[in-house]
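Secondary and tertiary structure notes
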Amino acid sequence: MVVGVPGKISERRLQINPVIGIDFSKGGSQAIAFISKGKPYGKTINFYHTKDGLEEFHWFLEQIVTNLGTRPDVILEATGHYHLPITDFLEEHQYVVIVLNPLISQRSRSSSLRKVKTDAYHLAELYYKEDFEPLRKRSVHITNLRQVTRINEAINDMYVQTKLNLQAIVDQVFPLFVGVFHDMYCYTSLKLLQEFSIPKSVISAEVDCIAEKILTLTSRFKSLSWAKEKVEKLMAAAQNCPTKNVYEGHLFSLHTLI
């Protein structure tokens, strides 16, 4: 998306130059037309983001073209992904579309002394105050790359937050477990923590039993002596942990996060 950038007002804007201002919501939108600066055209219309709703909006646009003899530009705010079906529809029908950064319109609203009727009305008025660059269509490759990088970022954010939440629970139920493995979040560590979630469960278990469990969990060949070394660290961590109450809610959260 190319965000509208303000610049010098062209002479064309001071003549008959219609524009449609659109205020988006999740399910539907509100639109108002201006013939030229300070001259609204007709009433505000509402339409849904459905096939029938878009056809109704297209009819509204075509009426303006028929009556005024020129195509109106369309101005709207960037609204995450909600506006994309509308911009695609408008581009398919060869209308010039201006997508504004919401900060630009908000700054304009805050500087205005008079109350504007609707957001769509405000956007239509804003169109005549400055020149904005129209939306430039992205290539398919750029669109695909943008989508996969966004989902990758979202997954990474969830992963990081899950680790932070797990750390917070471990600090409450088994705080010294952190030092047993180099990486507390590795498979072996997490599976062992899932079975021996509190210090008491470690202390009451047999050393050889825990060592065998560690060997079955590790993905690489490790010796029994290596496993027993881990058990010694685990036992020391369990015995040195301060005695505290462990709630079922903590254990449920721990297992869920693992």
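How each quantity is defined
Residues numbered from 1 in each chain as written. Predicted model: local features only at pLDDT ≥ 70, side-chain atom pairs only at ≥ 80, totals over all residues. Heavy atoms only, no water. Helix = DSSP H or I, 4+ residues; strand = E, 2+ residues; numbered from the N terminus. Phe/Tyr/Trp six-rings, centres within 6.5 Å; stacked < 30°, edge-to-face > 60°. Buried < 20%, exposed > 50% of the residue type's maximum accessible area, 1.4 Å probe, protein only. Lys NZ or Arg CZ within 6 Å of the ring centre and 35° of its normal. Patch = residues over 30% accessible without salt bridge, like charges linked within 9 Å, V, L, I, M, F, W, Y side chains within 5 Å. Areas by Shrake-Rupley, 256 points an atom, 1.4 Å probe, with all protein chains shown as cover. Salt bridge = Lys/Arg side-chain N within 4 Å of Asp/Glu carboxyl O. Contact = heavy atoms within 4.5 Å. pLDDT = per-residue confidence, 0-100. Core = buried A, V, L, I, M, F, W, Y, C linked by side-chain atoms within 4.5 Å. Pairing = 2+ DSSP bridges. Axes fitted to C-alpha atoms, helices over the stretch in contact; angles between N-to-C directions.

**A word on unusual backbone geometry**
In this structure, Q94 is a non-glycine residue whose phi angle is positive, near 65°. Looking at where Q94 falls in the secondary structure, it is placed in the loop between α2 (84–92) and β5 (97–100).

**So, the packing of aromatic side chains**
The full count for this structure, using the stated rule, is seven aromatic pairs. Judged by centre distance (6.4 Å) and plane angle (25°), the rings of F57 and F60 are stacked. Taken together, the residues F57 and F60, both in helix α1 (residues 51–68) and three residues apart, mark about one turn of the helix. The same class applies to F57 and to F60, which are both buried. Three or more aromatic residues joined by ring pairs form one cluster here, namely F34, Y121, Y127 and Y128. Lying across the ring of Y95, R71 places its NZ or CZ 4.4 Å from the centre. Directly above the ring of Y185 sits K163, whose terminal nitrogen or CZ lies 4.6 Å from the centroid.

**Quick word on a nonpolar patch on the surface**
On the surface, L145, V148, I151, I155 and M158 cluster together into a nonpolar patch covering about 480 Å² of accessible area. By the secondary structure assignment, M158 is in helix α5 (residues 140–173). Classification of M158 as exposed rests on a relative accessible area of 52%.

**With respect to the side chain of H250**
Assignment of secondary structure puts H250 in helix α10 (residues 248–257). Overall, the relative accessible area of 18% leaves H250 in the buried class. Sequence-distant contacts of H250, defined by excluding residues within four places in its chain, comprise I169, Q172 and V173.

**Here's the deal with the confidence of the model for the chain**
A residue-level look at the chain finds 89% of positions with pLDDT of 70 or above and a mean pLDDT of 85. When the criterion is pLDDT under 50, residues 5–14 qualifies, and its contacts beyond four places in sequence or with other chains add up to 22 contacts.

**Section: the nonpolar core**
One finds F174, F177, L192, V202, I210 and L234 to be the most contacted residues of the largest nonpolar core, which totals 27 residues. Residue contributions to this core peak at six residues, all from helix α9 (residues 224–240). Aside from chain neighbours lying at most four places away, what touches L234 is F174, F177, V180, L192, V202 and I210. Judged by nonpolar contacts, the second largest core, of 22 residues, contains F47, F57, A78 and I86.

**Considerations on the environment of V65**
By the element assignment, V65 lies in helix α1. Among the residues examined, V65 registers a relative accessible area of 21% and is labelled partly exposed. Note: C-alpha distance between V65 and P18 (47 residues apart in sequence) is 9.1 Å. Not counting residues up to four positions away in its chain, the partners in contact with V65 are T70, R71, P72 and Y95.

**A look at the sheet that holds strand β2 (residues 28–36)**
Across the sheet, five strands lie side by side as β3-β2-β1-β4-β5; this open sheet has mixed pairing. Of all the strands in the sheet, just β3 (39–48) and β5 have a single pairing partner and so form its edges. The sheet shows a mean angle of 20° between the axes of neighbouring strands, taken without regard to direction. Contacting β1 (19–24), β2 and β3, α1 runs over the sheet at an angle of about 160° to β3. Together, β1, β3, β4 (73–77) and β5 form the strand contacts of α2, whose direction differs from that of β5 by roughly 155°.

**What about the pairing of β3?**
Alignment of β2 against β3, held across seven bridges, turns out to be antiparallel. Residue pairing for β3: S29 is matched across the bridge by F47. Following β2, the chain reverses through two residues before pairing antiparallel with β3; G38 in that reversal takes a positive phi of roughly 75°.

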